[in-house]
Amino acid sequence: MSESFTSDVVIGLEIHVELNTRTKLFCGCSRIPLRENEPPNSRTCPTCLGMPGAKPVVNKAAIEQGIKLALALHCSIAPTLIFSRKSYFYPDLSKNYQTSQFEIPLGSNGHIRLPSGKTVGIVRAHLEEDPASLVHKGAYSLVDYNRSGDPLCEIVTGPDMNSPEEARELMKELITVLHYLGVFDASTCIIKADANISIKESGYVRSEVKNITGFKEIERALCYEVERQRDAVKRGEQLVQDTRAWDAVKGVTTRMRTKETEADYGYIIDPDLVPITLSEEFVNSIKDSMPELHFEKVKKFVEEHSIPEEDARILAQELSLAHLFEEVAQRIDPKLAVRWLRHELNKVLNESEKVWSEVEADESQIIELLELVDEKKITDISAREILAELIKRPFSPKEYVKEKGLEVVSDSSALKPLLQKLIEEHPQAVEDVKSGEPKAINFFVGKVMKETKGQASPAQVNKLLKELLDL
Ligand SMILES: [Zn+2]
């Protein structure tokens with residue numbers, strides 16, 4: 001297989017997404033901590049503790065969410081849901097096996113398209129249970145089974161990425177899909193990735209870096225790994241296939257073990273879990289319940305509003321912002337809407353570390369504000385000020401403008417005396433304007449804006465200035 005690669009770097013990801021269900025994958029225990037600082041092993045039952053005789057029952061919500069995700073990744077859905085026992089050598093699963101899918105994954109043969117236009121294959125998407133967590137305290141290692149049995153969807157990509165940056169882009173695209181589908185809640189769900197990486201110089205000997213959390217960390221870990229492998233080859237070292245851990249604090253990977261192959265795990269079909277037929281009708285009903293996804297919105301925004309794809313992509317990246325744009329673009333010139341939502345609104349949201357869905361103001365207030373801008377009743381400076389206030393609390397921009405006296409001073413009888421005074425005070429600038437120096441015009445516009453506290457219309461000042469100077 002490795003002979004078929006030609007690029008300098010080859011990366012594949014295995015991503016574990018915790019699904020946003022109420023209960024665990026095979027029992028009725030709550031997936032979400034019931035209170036802060038919950039005691040260890042308080043959300044457990046005979047099933048997730050792996051007691052003899054306990055009977056697992058598959059959580060329907062996890063199946064539905066898994067199918068949604070697989071469909072959004074353009075996967076084919078398996079006709080039958082089968083679970084297997086994966087022999088497990090670590091102390092964080094008390095059954096000595098992990099219930100997972102091996103023979104027939106829930107979804108297969110899908111893809112994700114990156115903003116660059118590149119397509120990354122999705123080999124499989126399957127359901128499995130999360131192991132418990134180990135807590136190391138001094139000489140002891142303790143096991144907390146609260147997390148044991150949480151539903152995960154594992155997504156395995158093809159070895160199709162050729163740089164750490166592409167791996168980060170893929171994670172970003174995936175997270176957007178997860179948010180749109182509502183199958184992932186950033187406050188309670190965890191997303192982790194294992195990365196397979198190899199380089200041409202070593203003949204594509206793979207290292208697998210385990211348990212990287214966060215998409216910026218993935219890029220960091222992969223950048224480190226590329227350098228490490230290149231340095232090793234340069235020193236004449238023979239690389240061997242291994243499994244490594246990412247230490248985010250030190251920014252290095254360290255060897256955990258030489259890599260097992262899938263065959264080492266010894267899978268058997270779980271006799272406690274009967275196969276479930278996923279009828280076409282059931283899958284179609286899930287398909288019908290799915291929202292429009294971000295890549296569909298991007299296409300729609302570009303076609304309906306003739307806006308650049310990059311703008312459409314940024315607006316569609318966050319679901320509530322995409323909805324806002326859809327509402328606003330029906331009432332306001334879409335190009336004006338793009339400028340204010342993509343650039344100005346995103347800027348104030350970033351500054352206050354919020355997303356639009358967390359803001360109390362609604363689209364009607366944004367529309368009101370943009371109408372004032374569109375009709376040139378307020379300047380951009382005033383509009384920015386109002387936008388920053390709207391992020392903090394909802395109010396009517398029209399009334400705000402009236403109360404604060406922010407209407408544009410377009411009345412020439414108010415601007416004329418001011419300009420006349422400025423012309424007398426700055427003869428050199430007047431000469432520059434006359435000789436066609438554009439900076440000199442901006443000088444006068446700037447002075448007038450300062451005097452009127454930003455409420456003059458620059459176009460109006462420009463026009464008046466030329467009139468007064470007989471240009
Ligand atoms: Zn349980």
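Reading the values: the criteria
- Numbering of residues begins from 1 in every chain and follows the order in which that chain's sequence is written.
- Given that this is a predicted model, residues contribute local features only at a pLDDT of at least 70 and side-chain atom pairs are listed and counted only at 80 or more, while totals for whole chains, interfaces and linings are drawn from all residues.
- Side-chain descriptors were evaluated using all non-hydrogen atoms of the structure, hydrogens and water having been removed beforehand.
- Secondary structure elements follow DSSP: runs of H or I no shorter than four residues count as helices, runs of E no shorter than two count as strands, and numbering proceeds from the N terminus.
- The size measure is the radius of gyration over C-alpha atoms, and the globule rule it meets is 2.2 Å times the number of residues to the 0.38 power.
- Any two residues whose heavy atoms approach within 4.5 Å at even a single point are treated as in contact.
- The Shrake-Rupley method, run with a 1.4 Å probe, gives the accessible areas here. Residue values count only the displayed protein chains as cover.
- In this count, Lys and Arg are taken as positive residues and Asp and Glu as negative ones, while His and the chain termini are left out.
- Positions of charges follow a simple convention, taking NZ of Lys, CZ of Arg, CG of Asp or CD of Glu.
- Here, strands pair whenever DSSP counts at least two bridges between them.
- Note on method: axes are straight lines fitted to C-alpha atoms, helices fitted across the in-contact stretch only, with angles between N-to-C directions ranging 0 to 180 degrees.
- Looking down the strands as they point away from the viewer, one classifies a crossover as right-handed if the path from the first strand across the helix to the second runs clockwise.
- Exposure categories follow from relative accessible area, calculated using a 1.4 Å probe and restricted to protein chains: below 20% of the type maximum is buried, above 50% is exposed, and the middle band is partly exposed.
- Note on terminology: angles under 35 degrees are roughly parallel, angles over 145 are roughly antiparallel, angles of 65 to 115 are roughly perpendicular, and the others are oblique.
- It is the rotation of the near helix from the far one that decides the hand of a crossing: anticlockwise by less than a right angle makes it left-handed, clockwise makes it right-handed.
- Charged residues are taken to be Asp, Glu, Lys and Arg, nonpolar residues to be Ala, Val, Leu, Ile, Met, Phe, Trp, Tyr, Cys and Pro, and polar residues to be all remaining types, Gly included.
- Keep in mind that water is not among the atoms, so a site may look incomplete; donors are the N, O and S atoms within 2.8 Å of the metal, or 3.2 Å for Na, K and Ca.
- Just to be clear on the cut-offs, tetrahedral is four donors with all angles between 85 and 135 degrees, square planar is four donors and octahedral six with opposite donors over 155 degrees apart and all others between 65 and 115, and anything else goes down as irregular.
- Side-chain rings of Phe, Tyr and Trp (the six-membered ring for Trp) are treated as a pair once their centres are within 6.5 Å; stacked means planes under 30 degrees apart, edge-to-face means over 60, and tilted covers the remaining angles.
- Any carboxyl oxygen of Asp or Glu that lies within 4 Å of a side-chain nitrogen of Lys or Arg is treated as forming a salt bridge with it.
- Each patch is assembled from residues with relative accessible area greater than 30% and no salt bridge, linking like charges that lie within 9 Å and nonpolar side chains (Val, Leu, Ile, Met, Phe, Trp, Tyr) that lie within 5 Å.

Caption draft 1: Just the overall build of the protein chain, in detail. Assigned secondary structure in the protein chain consists of 15 helices and 16 strands. Relative to a compact globule of 471 residues, whose C-alpha radius of gyration would be 23 Å, the protein chain shows 30 Å and is clearly more extended. For the protein chain, the share of sequence-separated contacts (at least 6 apart) that also reach a separation of at least 24 residues comes to 68%. Surface summary for the protein chain: the accessible area is close to 23600 Å², and the carbon and sulfur share equals 51%. Across the protein chain, 61 positive and 77 negative side-chain charges occur, with their mean positions spaced 2 Å apart.

Caption draft 2: How the structure looks around the sheet that holds strand β15 (residues 267–269). Overall, antiparallel pairing links the three strands, which are arranged β5-β4-β15 in an open sheet. Both outer strands of the open sheet, β5 (97–100) and β15, are each paired with one neighbouring strand and no more. Strand-to-strand twist of the sheet, defined as the mean angle between neighbouring strand axes without regard to direction, takes the value 30 degrees. One ladder, built from four bridges, connects strand β4 (residues 84–87) with β5; its direction is antiparallel. Within β5, the position partnered with Ser-84 by the bridge is Ser-100.

Caption draft 3: Quick peek at the pairing of strand β13 (residues 242–247). Where strand β12 (residues 207–213) meets β13, four bridges bridge the pair, whose relative direction is parallel. Paired with Val-209 across the strands is Arg-244, a residue of β13. Between β12 and its parallel partner β13, the chain crosses via helix α3 (residues 215–234), and the hand of that crossover is left-handed. The sheet contact formed by β13 and strand β14 (residues 252–258) spans six bridges and is antiparallel. From the neighbouring strand, Arg-244 faces β14, where its bridge partner is Arg-255. Between β13 and β14, which follow one another and run antiparallel, lie four residues, and Gly-251 among them has a positive phi close to 70 degrees.

Caption draft 4: Spotlight on the pairing of strand β11 (residues 191–199). Across the nine residues that make up β11, a large majority, eight, are buried. Relative to β11, strand β1 (residues 9–18) runs antiparallel, the two sharing nine bridges. Among the inter-strand pairings, Val-17 is bridged to a residue of β11, identified as Ile-191.

Caption draft 5: Structural context of unusual backbone geometry. One non-glycine residue, Ser-306, adopts positive backbone phi at about 50 degrees. Relative to the assigned elements, Ser-306 resides in the loop between α5 (294–305) and α6 (309–316).

Caption draft 6: Molecular detail of the environment of Thr-176. Take Thr-176: it is sitting in helix α2 (residues 164–181). As a C-alpha pair, Thr-176 and Cys-153 span 23 residues in sequence and 16 Å in three-dimensional space. The residues touching Thr-176, leaving out its near neighbours within four places in the chain, are His-294, Ala-316 and Gln-317.

Caption draft 7: Expanded view of the packing of helix α12 (residues 412–425) against helix α15 (residues 458–468). Two elements in contact, α12 and α15, have axes whose closest approach is 10 Å; the angle formed by their N-to-C orientations is 60 degrees. Comparing their axes, α15 and α12 come out oblique. Between α12 and α15 lies a crossing whose hand is right-handed. Here Ser-412, Leu-415, Lys-416, Leu-419, Gln-420 and Ile-423 of α12 come into contact with α15, specifically with Gln-460, Val-461, Leu-464, Leu-465 and Leu-468. Tallied by class, residues from the contact of α12 with α15 come to seven nonpolar, three polar and one charged.

Caption draft 8: Representation of the coordination of the zinc ion within the structure. For the zinc ion, the full set of protein donor atoms is Cys-27 (SG), Cys-29 (SG), Cys-45 (SG) and Cys-48 (SG), and the range of their distances to it is 2.3 to 2.4 Å. Taken together, the four donor atoms coordinating the zinc ion span angles of 102 to 115 degrees at the metal, a pattern that classifies the geometry as tetrahedral. Each donor residue of the zinc ion belongs to the same chain, with the gaps between them written as C-x1-C-x15-C-x2-C. Across the pair, Cys-29 and Cys-27 agree in class, each one buried.

Caption draft 9: Summary view of the packing of aromatic side chains. According to the stated counting rule, one finds seven aromatic pairs in the structure shown. Each ring, one from Phe-5 and one from Tyr-204, has its centre 5.3 Å from the other, and the planes form 65 degrees; the classification is edge-to-face. Of this pair, Phe-5 sits in the segment before β1 while Tyr-204 sits in the loop between β11 and β12, and the two are 199 residues apart along the sequence. Each member of the pair, Phe-5 as well as Tyr-204, is classed as buried. Considering the side-chain rings of Phe-26 and Phe-83, the 5.2 Å spacing of their centres and the 85 degrees angle between planes classify their relative orientation as edge-to-face. Here Phe-26 is found in the loop between β1 and α1 (60–72), whereas its partner Phe-83 is found in the loop between β3 (80–81) and β4, with 57 residues between them in sequence. Assessed through its relative accessible area of 5%, Phe-26 is described here as buried. By relative accessible area, which is 2% here, Phe-83 ends up buried.

Caption draft 10: Looking closely at the pattern of salt bridges. Throughout the structure, instances matching the rule amount to 33 salt bridges. The residue Glu-219 makes a salt bridge to Arg-168 at a minimum N-O spacing of 3.3 Å. Of this pair, Glu-219 sits in helix α3 while Arg-168 sits in helix α2, and the two are 51 residues apart along the sequence. One salt-bridge network, in which partners are shared between bridges, spans Glu-225, Arg-228, Asp-242, Arg-244 and Arg-255.

Caption draft 11: The arrangement of a nonpolar patch on the surface in detail. Taken together, Val-135, Tyr-140 and Leu-142 make up a surface patch of nonpolar side chains, about 300 Å² in accessible area. Relative to the helices and strands, Tyr-140 is located in strand β9 (residues 140–144).

Caption draft 12: Structural detail: the sheet that holds strand β6 (residues 107–113). Strand order in this open sheet of nine strands is β2-β6-β7-β10-β1-β11-β12-β13-β14, and the pairing throughout is mixed. Edge strands, defined here as strands with exactly one partner in the open sheet, are β2 (76–77) and β14. In the sheet, β1 pairs with strand β10 (residues 151–157) via five bridges, with the strands oriented antiparallel. Opposite Glu-18, over in β10, you have Leu-152 as the bridge partner. On top of the sheet, α2 reaches β1, β6, β7 (119–129), β10 and β11; it is set at about 25 degrees to β1, its chief contact. Where α3 meets the sheet, its contacts fall on β1, β11, β12, β13 and β14, and the angle it forms with β11 comes to roughly 25 degrees.

Function cannot be inferred from these measures alone, as they are strictly geometric.
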